Amino acid sequence: MRIQILPSLLAADQGALAKDVSRAASSGADALHLDVMDAHFVPNLSFGPAVVEMCRRVEPGFYRHVHLMMTRPDLYLEKFVSAGAQTVQVHIEADCDLHAVLARIRALGARAALAVNPETPIVRVMPYLDECDELLVMTVHPGYGGQAFIKECLPKIAEARALRPQLDIMVDGGVNAETGVLAAAAGANQFVAGSHLFKMADMALGVAALRDACEKAFAGSHV
Ligand code: DX5
Ligand code: ZN
(Lines give C-alpha, C1' and ligand atoms only; values in the text may rest on other atoms or scores of the structure.)
(Ligands and ions follow the chains in the order given, each with its own letter.)
Protein backbone atom coordinates (compact mmCIF):
# COMPACT_ATOMS: atom_id res chain seq x y z
CA MET A 1 0.00 0.00 0.00
CA ARG A 2 1.03 3.55 -0.56
CA ILE A 3 2.35 5.38 2.49
CA GLN A 4 1.13 8.98 2.62
CA ILE A 5 2.34 11.88 4.74
CA LEU A 6 -0.04 14.79 5.41
CA PRO A 7 1.03 18.00 7.16
CA SER A 8 -1.82 19.52 9.19
CA LEU A 9 -2.40 23.21 8.48
CA LEU A 10 -3.55 23.72 12.07
CA ALA A 11 0.11 23.88 13.08
CA ALA A 12 1.02 26.46 10.42
CA ASP A 13 1.88 30.09 11.11
CA GLN A 14 -1.59 31.71 11.15
CA GLY A 15 -0.01 34.95 10.00
CA ALA A 16 1.49 33.33 6.93
CA LEU A 17 -0.95 30.59 5.98
CA ALA A 18 -0.51 30.82 2.22
CA LYS A 19 3.26 30.68 2.57
CA ASP A 20 2.97 27.60 4.79
CA VAL A 21 0.61 25.90 2.31
CA SER A 22 3.36 26.29 -0.28
CA ARG A 23 5.98 25.12 2.18
CA ALA A 24 3.97 21.93 2.78
CA ALA A 25 3.32 21.45 -0.94
CA SER A 26 7.01 21.66 -1.78
CA SER A 27 8.09 19.38 1.09
CA GLY A 28 7.33 16.15 -0.77
CA ALA A 29 4.21 15.55 1.34
CA ASP A 30 1.32 13.78 -0.37
CA ALA A 31 -1.56 15.98 0.70
CA LEU A 32 -2.64 18.73 3.06
CA HIS A 33 -4.78 17.93 6.11
CA LEU A 34 -7.27 20.68 6.99
CA ASP A 35 -8.88 20.59 10.45
CA VAL A 36 -12.32 22.18 10.65
CA MET A 37 -13.63 22.67 14.20
CA ASP A 38 -17.08 23.97 15.10
CA ALA A 39 -16.73 24.80 18.84
CA HIS A 40 -19.47 22.25 19.52
CA PHE A 41 -18.22 18.82 18.50
CA VAL A 42 -14.85 19.92 19.88
CA PRO A 43 -14.13 22.82 22.27
CA ASN A 44 -12.28 24.87 19.67
CA LEU A 45 -12.82 26.84 16.47
CA SER A 46 -10.51 26.76 13.50
CA PHE A 47 -11.51 27.77 9.98
CA GLY A 48 -14.08 27.18 7.26
CA PRO A 49 -14.42 26.73 3.50
CA ALA A 50 -12.64 30.02 2.68
CA VAL A 51 -9.35 28.58 3.92
CA VAL A 52 -9.85 25.41 1.86
CA GLU A 53 -10.46 27.64 -1.16
CA MET A 54 -7.30 29.62 -0.40
CA CYS A 55 -5.29 26.37 -0.36
CA ARG A 56 -6.64 25.42 -3.79
CA ARG A 57 -5.80 28.87 -5.17
CA VAL A 58 -2.27 28.87 -3.75
CA GLU A 59 -1.36 25.26 -4.59
CA PRO A 60 -3.98 23.84 -6.99
CA GLY A 61 -2.15 20.54 -7.42
CA PHE A 62 -1.72 19.80 -3.72
CA TYR A 63 -4.42 17.31 -2.63
CA ARG A 64 -6.77 18.54 0.13
CA HIS A 65 -8.06 16.28 2.93
CA VAL A 66 -10.69 18.04 5.02
CA HIS A 67 -11.32 16.70 8.53
CA LEU A 68 -14.72 17.92 9.73
CA MET A 69 -14.81 17.93 13.53
CA MET A 70 -18.42 19.08 13.47
CA THR A 71 -21.66 17.95 15.08
CA ARG A 72 -23.58 18.59 11.83
CA PRO A 73 -21.17 18.00 8.93
CA ASP A 74 -24.19 17.16 6.76
CA LEU A 75 -25.07 20.86 6.56
CA TYR A 76 -21.70 21.86 5.09
CA LEU A 77 -20.70 19.12 2.61
CA GLU A 78 -21.50 21.10 -0.54
CA LYS A 79 -19.67 24.17 0.74
CA PHE A 80 -16.48 22.28 1.52
CA VAL A 81 -16.43 20.24 -1.68
CA SER A 82 -17.07 23.29 -3.82
CA ALA A 83 -14.26 25.06 -1.93
CA GLY A 84 -11.89 22.28 -2.98
CA ALA A 85 -12.11 19.42 -0.47
CA GLN A 86 -11.06 16.22 -2.24
CA THR A 87 -11.44 13.84 0.70
CA VAL A 88 -14.06 14.70 3.32
CA GLN A 89 -13.71 13.07 6.72
CA VAL A 90 -16.71 13.04 9.07
CA HIS A 91 -16.88 11.64 12.60
CA ILE A 92 -18.84 8.54 13.52
CA GLU A 93 -19.78 10.47 16.68
CA ALA A 94 -21.45 13.27 14.68
CA ASP A 95 -25.17 13.82 14.96
CA CYS A 96 -26.45 13.01 11.48
CA ASP A 97 -27.36 10.17 9.12
CA LEU A 98 -23.90 8.86 8.24
CA HIS A 99 -25.05 6.52 5.47
CA ALA A 100 -26.57 9.55 3.75
CA VAL A 101 -23.53 11.73 4.44
CA LEU A 102 -21.02 9.22 3.04
CA ALA A 103 -23.17 8.71 -0.07
CA ARG A 104 -23.51 12.48 -0.53
CA ILE A 105 -19.75 13.04 -0.29
CA ARG A 106 -19.17 10.47 -3.03
CA ALA A 107 -22.00 11.89 -5.13
CA LEU A 108 -20.32 15.30 -4.92
CA GLY A 109 -17.19 13.70 -6.41
CA ALA A 110 -14.99 13.53 -3.30
CA ARG A 111 -13.57 10.58 -1.36
CA ALA A 112 -15.55 9.75 1.77
CA ALA A 113 -13.95 8.95 5.10
CA LEU A 114 -15.09 8.20 8.63
CA ALA A 115 -13.11 9.30 11.68
CA VAL A 116 -13.24 7.61 15.09
CA ASN A 117 -12.39 9.21 18.40
CA PRO A 118 -10.05 7.42 20.84
CA GLU A 119 -12.85 6.11 23.04
CA THR A 120 -14.99 4.82 20.15
CA PRO A 121 -14.58 1.12 19.30
CA ILE A 122 -14.01 -0.03 15.72
CA VAL A 123 -17.16 -2.12 15.85
CA ARG A 124 -19.11 1.15 15.53
CA VAL A 125 -17.75 1.79 12.01
CA MET A 126 -18.30 -1.72 10.70
CA PRO A 127 -21.75 -1.03 9.22
CA TYR A 128 -20.24 1.85 7.20
CA LEU A 129 -16.92 0.47 5.98
CA ASP A 130 -18.18 -0.46 2.51
CA GLU A 131 -19.26 3.17 2.07
CA CYS A 132 -15.84 4.60 3.07
CA ASP A 133 -12.78 5.24 0.94
CA GLU A 134 -10.65 5.88 4.03
CA LEU A 135 -10.82 5.43 7.79
CA LEU A 136 -9.27 7.91 10.21
CA VAL A 137 -8.30 6.55 13.62
CA MET A 138 -7.74 9.49 15.98
CA THR A 139 -4.76 9.09 18.27
CA VAL A 140 -5.59 12.17 20.39
CA HIS A 141 -8.88 13.61 21.61
CA PRO A 142 -9.70 15.98 18.76
CA GLY A 143 -9.70 19.74 19.21
CA TYR A 144 -6.09 20.80 19.52
CA GLY A 145 -2.73 20.26 17.88
CA GLY A 146 0.39 19.44 19.83
CA GLN A 147 -1.07 16.73 22.10
CA ALA A 148 0.60 13.44 23.02
CA PHE A 149 -0.12 10.29 20.96
CA ILE A 150 -2.44 7.88 22.80
CA LYS A 151 -0.82 4.46 22.47
CA GLU A 152 -3.98 2.70 23.64
CA CYS A 153 -5.43 3.44 20.18
CA LEU A 154 -2.92 1.17 18.43
CA PRO A 155 -4.97 -2.06 18.75
CA LYS A 156 -7.85 -0.29 16.97
CA ILE A 157 -5.61 0.33 13.95
CA ALA A 158 -4.68 -3.36 13.85
CA GLU A 159 -8.32 -4.33 14.21
CA ALA A 160 -9.36 -2.08 11.31
CA ARG A 161 -6.48 -3.34 9.15
CA ALA A 162 -7.50 -6.97 9.80
CA LEU A 163 -11.05 -6.13 8.72
CA ARG A 164 -9.99 -4.22 5.58
CA PRO A 165 -6.56 -5.17 4.20
CA GLN A 166 -6.85 -2.70 1.29
CA LEU A 167 -8.45 0.30 2.99
CA ASP A 168 -6.54 3.56 3.46
CA ILE A 169 -6.19 3.86 7.24
CA MET A 170 -5.05 7.22 8.61
CA VAL A 171 -3.75 8.23 12.02
CA ASP A 172 -4.04 11.77 13.32
CA GLY A 173 -2.74 13.27 16.55
CA GLY A 174 0.68 13.28 18.16
CA VAL A 175 2.34 11.69 15.14
CA ASN A 176 6.15 11.99 14.88
CA ALA A 177 8.87 9.65 13.63
CA GLU A 178 8.61 7.52 16.76
CA THR A 179 4.83 7.24 17.12
CA GLY A 180 4.35 7.05 13.34
CA VAL A 181 6.36 3.85 13.34
CA LEU A 182 4.09 2.35 16.00
CA ALA A 183 1.01 3.23 13.96
CA ALA A 184 2.56 1.89 10.74
CA ALA A 185 3.48 -1.36 12.46
CA ALA A 186 -0.16 -1.67 13.53
CA GLY A 187 -1.31 -1.18 9.92
CA ALA A 188 -1.82 2.54 9.28
CA ASN A 189 -0.68 3.85 5.89
CA GLN A 190 -1.60 7.56 6.06
CA PHE A 191 0.03 9.83 8.64
CA VAL A 192 -1.13 13.31 9.60
CA ALA A 193 1.52 15.35 11.39
CA GLY A 194 1.01 18.95 12.46
CA SER A 195 3.42 20.28 15.05
CA HIS A 196 6.11 17.69 14.28
CA LEU A 197 6.46 18.79 10.63
CA PHE A 198 5.73 22.52 10.89
CA LYS A 199 8.28 23.09 13.63
CA MET A 200 11.07 21.68 11.47
CA ALA A 201 13.44 24.13 9.85
CA ASP A 202 13.42 21.88 6.76
CA MET A 203 10.01 20.26 6.37
CA ALA A 204 11.22 18.18 3.41
CA LEU A 205 13.70 16.38 5.65
CA GLY A 206 10.96 15.69 8.20
CA VAL A 207 8.60 14.35 5.55
CA ALA A 208 11.29 12.11 4.06
CA ALA A 209 12.33 10.75 7.46
CA LEU A 210 8.74 10.08 8.53
CA ARG A 211 7.95 8.41 5.21
CA ASP A 212 11.06 6.23 5.35
CA ALA A 213 10.41 5.11 8.94
CA CYS A 214 6.72 4.42 8.28
CA GLU A 215 7.37 2.55 5.03
CA LYS A 216 9.78 0.19 6.78
CA ALA A 217 7.48 -0.36 9.76
CA PHE A 218 4.43 -0.91 7.53
CA ALA A 219 6.25 -3.38 5.30
CA GLY A 220 7.40 -5.53 8.19
CA SER A 221 4.19 -5.37 10.12
CA HIS A 222 0.65 -6.60 10.38
CA VAL A 223 0.60 -9.09 7.47
C1 DX5 B 1 -6.57 17.36 16.24
C2 DX5 B 1 -6.46 17.46 14.74
C3 DX5 B 1 -5.13 17.09 14.21
C4 DX5 B 1 -4.02 18.00 14.65
C5 DX5 B 1 -2.78 17.18 14.74
O6 DX5 B 1 -7.86 17.67 16.62
O7 DX5 B 1 -7.43 16.62 14.12
O8 DX5 B 1 -5.14 16.98 12.80
O9 DX5 B 1 -3.80 19.07 13.79
O10 DX5 B 1 -1.78 17.95 15.32
P11 DX5 B 1 -0.47 17.32 15.92
O12 DX5 B 1 0.21 16.54 14.83
O13 DX5 B 1 0.31 18.50 16.38
O14 DX5 B 1 -0.90 16.40 17.05
ZN1 ZN C 1 -7.18 16.26 11.93
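In this text, all values refer to a predicted model and were calculated from it rather than measured experimentally.

J.: Whenever I open this one, the overall build of the chain confuses me. Can you help?
T.: Counting its secondary structure elements, the chain contains eight helices and eight strands. A globule of 223 residues ought to have a C-alpha radius of gyration of about 17 Å, and the chain, at 16 Å, matches this closely. The dimensions of the chain, computed from C-alpha atoms along their principal axes, are 40 × 40 × 30 Å. Per-residue burial over the chain gives 54% buried out of 223 residues. In the chain, the share of contacts with a sequence separation of at least 24, taken over all contacts with a separation of at least 6, comes to 66%.

J.: Explanation requested: the packing of helix α6 (residues 177-186) against helix α8 (residues 203-219) in the structure shown.
T.: A pair of packed helices is captured by two measures, namely the crossing angle of their axes and the spacing between those axes. It is at 8 Å that the axes of α6 and α8 come closest, and there the two elements cross at 30 degrees. When the axis of α6 is compared with that of α8, the two are roughly parallel. Read as a crossing pair, α6 and α8 show a hand that is right-handed. The residues of α8 that touch α6, namely those facing A177, G180, V181, A184 and A185, are L210, A213, C214, A217 and F218. Split into classes, the residues belonging to the contact of α6 with α8 amount to nine nonpolar, one polar and no charged.

J.: Which parts of the structure should I look at to understand a nonpolar patch on the surface?
T.: Together, V123, M126 and L163 make up an exposed nonpolar region whose accessible area comes to about 240 Å². Mapped onto the elements, L163 comes out in helix α5 (residues 154-163).

J.: Honestly, unusual backbone geometry in this entry has me stumped. Any pointers?
T.: Only a minority of non-glycine residues have a phi that is not negative, and only a minority of peptide bonds are not trans. Even without being glycine, A39 reaches a positive phi, approximately 60 degrees. Note on placement: A39 falls in the loop between β2 (31-37) and α2 (49-58). On the basis of relative accessibility, which here comes to 44%, the residue A39 falls in the partly exposed class.

J.: Could you clarify how one ought to interpret the pairing of strand β7 (residues 168-172) in this entry?
T.: In summary, the side chains of a regular strand alternate between the two faces of the sheet. Across the five residues that make up β7, a large majority, five, are buried. Burial along β7 is two-sided: D168, M170 and D172 facing one way and I169 and V171 facing the other are all buried. Handedness of the crossover joining strand β6 (residues 134-138) and β7 through α5: right-handed. Judged from the three bridges that link them, β7 and strand β8 (residues 190-193) form a sheet pairing that is parallel.

J.: What should I look at first to understand the coordination of the zinc ion (ligand 2) in this one?
T.: As a benchmark, a tetrahedral metal site with four donors has ideal angles of 109.5 degrees, while an octahedral site with six donors has ideal angles of 90 or 180 degrees. With distances of 2.0 to 2.3 Å, the protein atoms coordinating the zinc ion (ligand 2) are H33 (NE2), D35 (OD), H67 (ND1) and D172 (OD). Seen from the zinc ion (ligand 2), its six donor atoms lie at angles of 72 to 171 degrees, and the figure they make is octahedral. Mapping the donors of the zinc ion (ligand 2) onto the primary sequence gives the spacing H-x1-D-x31-H-x104-D. Remark: H67 occurs in strand β3 (residues 63-69) and D35 occurs in strand β2; sequence separation between them is 32 residues. Side by side, D35 and H67 carry an identical accessibility label, which is buried.

J.: I'm lost on α5 in this one. Help?
T.: Since the α-helix advances by 3.6 residues per turn, residues separated by three or four positions end up pointing in the same direction. Every buried residue of α5 is listed here: L154, K156, I157, A160 and R161. Mapping the buried residues of α5 onto a view down its axis gives an arc of 160 degrees, with all of them on the same face. In α5, the exposed positions angled more than 90 degrees off the buried face are occupied by P155 and A162. At its buried positions, α5 is contacted by β5 (111-116), β6, β7, α6 and α8.

J.: Explanation requested: the sheet that holds strand β4 (residues 87-91) in the structure shown.
T.: Adjacent strands of a sheet pair through backbone hydrogen bonds, lying either parallel or antiparallel. Ordered by their spatial adjacency, eight strands build an open sheet running β1-β8-β7-β6-β5-β4-β3-β2, and the pairing between neighbours is parallel. A single partner strand is all that each edge strand has here, and the edge strands are β1 (4-7) and β2. Taking each pair of neighbouring strands and ignoring which way they run, the sheet shows an average axis angle of 25 degrees. With four bridges connecting them, β1 and β8 associate as parallel partners. What sits directly across from L6, in β8, is V192. Running over the sheet, helix α4 (residues 98-107) touches β4 and β5 and is turned about 145 degrees from β5.

Criteria and cut-off values
Residues numbered from 1 in each chain as written. Chains lettered and ligands numbered in written order. Predicted model: local features only at pLDDT ≥ 70, side-chain atom pairs only at ≥ 80, totals over all residues. Heavy atoms only, no water. Helix = DSSP H or I, 4+ residues; strand = E, 2+ residues; numbered from the N terminus. Rg over C-alpha atoms; globule rule 2.2 N^0.38 Å. Buried < 20%, exposed > 50% of the residue type's maximum accessible area, 1.4 Å probe, protein only. Contact = heavy atoms within 4.5 Å. Axes fitted to C-alpha atoms, helices over the stretch in contact; angles between N-to-C directions. Parallel < 35°, antiparallel > 145°, perpendicular 65-115°, else oblique. Left-handed = near helix turned anticlockwise from the far one by under 90°. Nonpolar A, V, L, I, M, F, W, Y, C, P; charged D, E, K, R; others polar. Patch = residues over 30% accessible without salt bridge, like charges linked within 9 Å, V, L, I, M, F, W, Y side chains within 5 Å. Areas by Shrake-Rupley, 256 points an atom, 1.4 Å probe, with all protein chains shown as cover. Salt bridge = Lys/Arg side-chain N within 4 Å of Asp/Glu carboxyl O. Right-handed = clockwise from strand over helix to strand, strands pointing away. Pairing = 2+ DSSP bridges. Donors = N, O, S within 2.8 Å, 3.2 Å for Na, K, Ca; no water. Tetrahedral: all angles 85-135°; square planar, octahedral: opposite > 155°, others 65-115°. Arc of directions from axis to C-beta.

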